[in-house]
Amino acid sequence: MNSSKNIKVPNGFPDGFLWGGATAANQYEGAYMEDGKLPSVADVQPHGVFGYPDRNAKYYPTHEGIDFYHRYKEDIAEFAEMGFNVYRTSVAWTRLFPTGEETEPNEKGLEFYDNMFKELKNRGMEIMITISHYEMPLNLADKYGGWKNRKMIDFYIKFVTTMVNRWKGIVKYWLTFNEIGNNIHKMEWMTAGIDPLNDTLQDCYQASHYQFVASSLAVKTIHEIDPKAKVGSVIEYKTIYPMSCDPKDSIVVMKEKQRGYFFSDVQIRGKYPRYTWEYFKDNNIEIEYTDEDMEIIKKYPVDFLSFTYYRSRIASKDYIESVQKETNTSDKEVEGDTSYRGDSNIVNTGKTNHYLKLTPSGWSIDPDGLYLALVDLYDRYQVPIFVAENGLGIKEELVDGTVNDTYRIEYLRDHILAMKKAIRSGVDLFGYTWWGPIDLVSNGSGQMSKRYGFIYVDRNDAGEGTLKRYRKKSFYWYKKVIASNGEDLSD
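The structure presented is a predicted model; accordingly, all values stated were derived computationally and were not measured.

Cut-offs applied
- Residues numbered from 1 in each chain as written.
- Predicted model: local features only at pLDDT ≥ 70, side-chain atom pairs only at ≥ 80, totals over all residues.
- Heavy atoms only, no water.
- Helix = DSSP H or I, 4+ residues; strand = E, 2+ residues; numbered from the N terminus.
- Rg over C-alpha atoms; globule rule 2.2 N^0.38 Å.
- Buried < 20%, exposed > 50% of the residue type's maximum accessible area, 1.4 Å probe, protein only.
- Contact = heavy atoms within 4.5 Å.
- Lys, Arg positive; Asp, Glu negative; His and termini not counted.
- Charge placed at Lys NZ, Arg CZ, Asp CG, Glu CD.
- Axes fitted to C-alpha atoms, helices over the stretch in contact; angles between N-to-C directions.
- Parallel < 35°, antiparallel > 145°, perpendicular 65-115°, else oblique.
- Nonpolar A, V, L, I, M, F, W, Y, C, P; charged D, E, K, R; others polar.
- Pairing = 2+ DSSP bridges.
- pLDDT = per-residue confidence, 0-100.
- Core = buried A, V, L, I, M, F, W, Y, C linked by side-chain atoms within 4.5 Å.
- Expected span 1.5 Å × (residues − 1).
- Polar contact = N/O pair within 3.5 Å; in protein donor to acceptor, adjacent residues only side chain to side chain.
- Salt bridge = Lys/Arg side-chain N within 4 Å of Asp/Glu carboxyl O.

(A) Structural detail: the overall build of the chain. Along its length, the chain carries 16 helices and 14 strands. Here the chain has a C-alpha radius of gyration of 21 Å; the compact-globule value for 491 residues is 23 Å, and the two agree. With the C-alpha coordinates of the chain rotated into their principal frame, the extents come out at 60 × 55 × 55 Å. For the chain, the proportion of its 491 residues judged to be buried stands at 61%. A fraction of 77% describes how many contacts in the chain between residues 6 or more apart in sequence connect residues 24 or more apart. Between the mean site of the 61 positive side-chain charges and the mean site of the 71 negative ones, the chain shows a separation of 4 Å.

(B) Focus on the side chain of Asp405. For Asp405, the position within the fold is in the loop between strand 11 (385-389) and helix 15 (406-424). Those residues within four positions of Asp405 in sequence are excluded, and the remaining contacts are Glu396, Gly453, Lys472, Lys473 and Ser474.

(C) The arrangement of the packing of helix 3 (residues 68-82) against helix 5 (residues 107-122) in detail. Running from N to C, helix 3 and helix 5 point in directions that differ by 10°, and their axes come no closer than 10 Å. Between helix 3 and helix 5, the angle falls in the class roughly parallel. Together, Phe68, Tyr69, Tyr72, Lys73 and Ile76 of helix 3 and Phe112, Asn115, Met116, Glu119 and Leu120 of helix 5 make up the contact between the two elements. Per-class residue counts for the contact of helix 3 with helix 5 are seven nonpolar, one polar and two charged.

(D) Focus on helix 16 (residues 473-483). Residues of helix 16 that are buried include every one of Ser474, Phe475, Trp477, Tyr478, Val481 and Ile482, and no others. Residues of helix 16 that are buried make contact with strand 1 (18-22), helix 3, helix 15, strand 12 (429-435), strand 13 (455-457) and strand 14 (469-471). Among the residues trailing helix 16, Asn485 stands out with phi positive, at a value near 55°.

(E) Inspection of the pairing of strand 3 (residues 126-132) at higher detail. Burial of strand 3 is extensive: six of the seven residues sit out of reach of the surface. Of the pairings in the sheet, the one linking strand 2 (residues 86-90) to strand 3 comprises five bridges and is parallel in character. Pairing of Arg88 across the sheet is with Met128, part of strand 3. Pairing of strand 3 with strand 4 (residues 173-177), which is carried by four bridges, proceeds in the parallel orientation.

(F) Just the sheet that holds strand 7 (residues 304-308), in detail. Spatial ordering of the closed barrel is given by 1-2-3-4-5-7-11-12, a layout of eight strands whose pairing is parallel. With strand direction ignored, the average angle separating the axes of adjacent strands in the sheet is 25°. Inspection of the sheet shows strand 11 paired to strand 12 by three bridges, in the parallel sense. Looking across to strand 12, one finds that Ile385 is bridged to Leu429. Relative to strand 4, helix 9 (residues 201-225) is tilted by about 160°, and along the sheet it contacts strand 3, strand 4 and strand 5 (230-236). On top of the sheet, helix 15 reaches strand 1, strand 11 and strand 12; it is set at about 165° to strand 12, its chief contact.

(G) Looking closely at the confidence of the model for the chain. Averaged over every residue, the pLDDT of the chain is 91; residues scoring 70 or more account for 92%. Low pLDDT (under 50) marks residues 320-349, which in the prediction has 78 contacts with non-local residues, meaning those over four places away or in another chain.

(H) Focus on unusual backbone geometry. Phi at Asp400 is positive, roughly 55°, even though this residue is not glycine. You can see Asp400 is positioned in the loop between strand 11 and helix 15. The residue Asn485 is not glycine, and still its phi comes out positive at about 55°. In this fold, Asn485 is placed in the segment after helix 16.

(I) Seen up close, the nonpolar core. One finds Met116, Trp147 and Phe307 to be the most contacted residues of the largest nonpolar core, which totals 139 residues. Looking at this core element by element, the count peaks at twelve residues for helix 9. The residues contacting Met116, other than those within four sequence positions of it, are Tyr28, Phe68, Tyr72, Ile76, Tyr87 and Thr89. Among the nonpolar cores identified, the runner-up in size contains ten residues, and Leu18, Tyr173, Leu175 and Ala388 belong to it.

(J) Representation of the environment of Tyr113. Here Tyr113 is to be found in helix 5. Here Tyr113 falls in the buried class, since its relative accessible area comes to 0%. Sequence spacing of Tyr113 and Glu487 is 374 residues, and the spatial spacing of their C-alpha atoms is 34 Å. In contact with Tyr113, other than residues within four places in its own chain, are Ala25, Glu29, Ser90, Val91, Ala92, Arg95, Leu96 and Trp167.

(K) Spatial organisation of helix 7 (residues 151-167). Between its terminal C-alpha atoms helix 7 stretches 25 Å, which fits the 24 Å expected from 17 residues at 1.5 Å a residue. Turning to helix 7, its buried residues are Met152, Ile153, Phe155, Tyr156, Ile157, Phe159, Val160, Thr162, Met163, Val164 and Trp167. Turning to helix 7, the residues buried within the fold contact helix 4 (93-96), helix 5, strand 3, helix 6 (138-144), strand 4 and helix 9. Backbone geometry just after helix 7 places Gly169 at a positive phi near 80°.

(L) Geometry of the side chain of Lys238. With respect to the secondary-structure elements, Lys238 resides in the loop between strand 5 and strand 6 (240-242). The class of Lys238 is buried, set by a relative accessible area of 11%. Separated by 2.9 Å, the side chains of Lys238 and Glu236 make a polar contact.

(M) Just the pattern of salt bridges, in detail. A complete count under the given rule lists 32 salt bridges for this structure. Ionic pairing is found between Asp75 and Arg469, a salt bridge with its closest N-O pair at 2.8 Å. With Asp75 in helix 3 and Arg469 in strand 14, this residue pair connects regions lying 394 residues apart in the sequence. Pair check on accessibility: Asp75 and Arg469 agree, each one buried. The salt bridge partner of Asp318 is Lys317, with a shortest N-O separation of 2.6 Å. Looking at Asp318, the relative accessible area reads 52%, which means it is exposed. Overlapping salt bridges, with partners in common, bring together Glu396, Asp405, Arg408, Asp439, Arg451 and Lys472 in one network.

Here it is, written out as structure tokens:
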């Protein structure tokens, strides 16, 4: 007879837990036209995803970033000093295939990543690469309409095949698309190369379908070339609470959660869920697909799920009608604006959760929401989980060569405790990467002043500054946390 007293409940992070940081090539590399590279969709978006593509702006923050392209050894040494054993970043598509249509890759681009990856491996870090992180070639968006076009699948798989052949045994973890669901009327230009002024829900969901097929073919390709590699997806996750006890508010929350689950359901369960066909019918969406598409999606699901988590939000039935009438707004997570475009029965309240503290930019601080996210996603999918992004962006000033960012330490401590609690609850969590371990250009607003890093970079929103790096107080705190595998959380 078995006894429950023999069941071991974990009290901390497992041995081999992956601790590190996450970045994206378009937000920090710079050198945007160097060594054969041509522009990506990010390179004509000077104000980040909150703005629109602008090909005549006077200043583009991403063009220089923080000059990681020339300073990668210095920065990787800093990450190693903190004790990172994993580093998540992306490969700029346009460094390898400048227009996306070349038959042969740009050797200079490959050599840059050869050298960068060698530096990471020599410093003891596993490498996690997001294959497509808001960096598709501008040419493919202009010429083909981005991911609305089935031809994108072949361009993408050529990119994937080139990378995996080159870095087999070097890159252990691959992520197919960053925050894949964000092309649904939110970041459609950056995620899918779709014109945000003229797109429709039909366009966005058609693009998502082709990305699903591409993701599954990437899984197939990577496993065939490097059977030891692991392939995951990345979704954005915000824990959602009903504003009131009104059952209709809970129904709204359910539908909004389904809207997010759609992307992970397809990539992990291998099929379109029932509720999606209902939604398509209600919204006159008729995506084009083949039986072969659906068979590919079914046959090649991802190995693990990763997600980004920054905050939670609240929803209510009371705002559906008014928000649905907004046709030219998006989820602008800026300065207190928590509005959400109503392209389904979703809402945004425009109000904040009064039980939670807020950042200066109006984002809720909710570590319990991370715990709920971890338990929810693991219970739903029963696959290994990785927290791909989590962080606190805030305006900061350098004083005496450092930043006394005790607020970042408090934020990180509380979210680490939430992860620890989730592991104790049985969640198979194998790693965590803090977003922006070094200050970089905000994807949301194109600013440098919204800083996430443990390392301060002397650069302002106008592109002025020496680019010199300075360690913040949180640098030393995170180093201690990693060295203790999440046990020492003291000040």
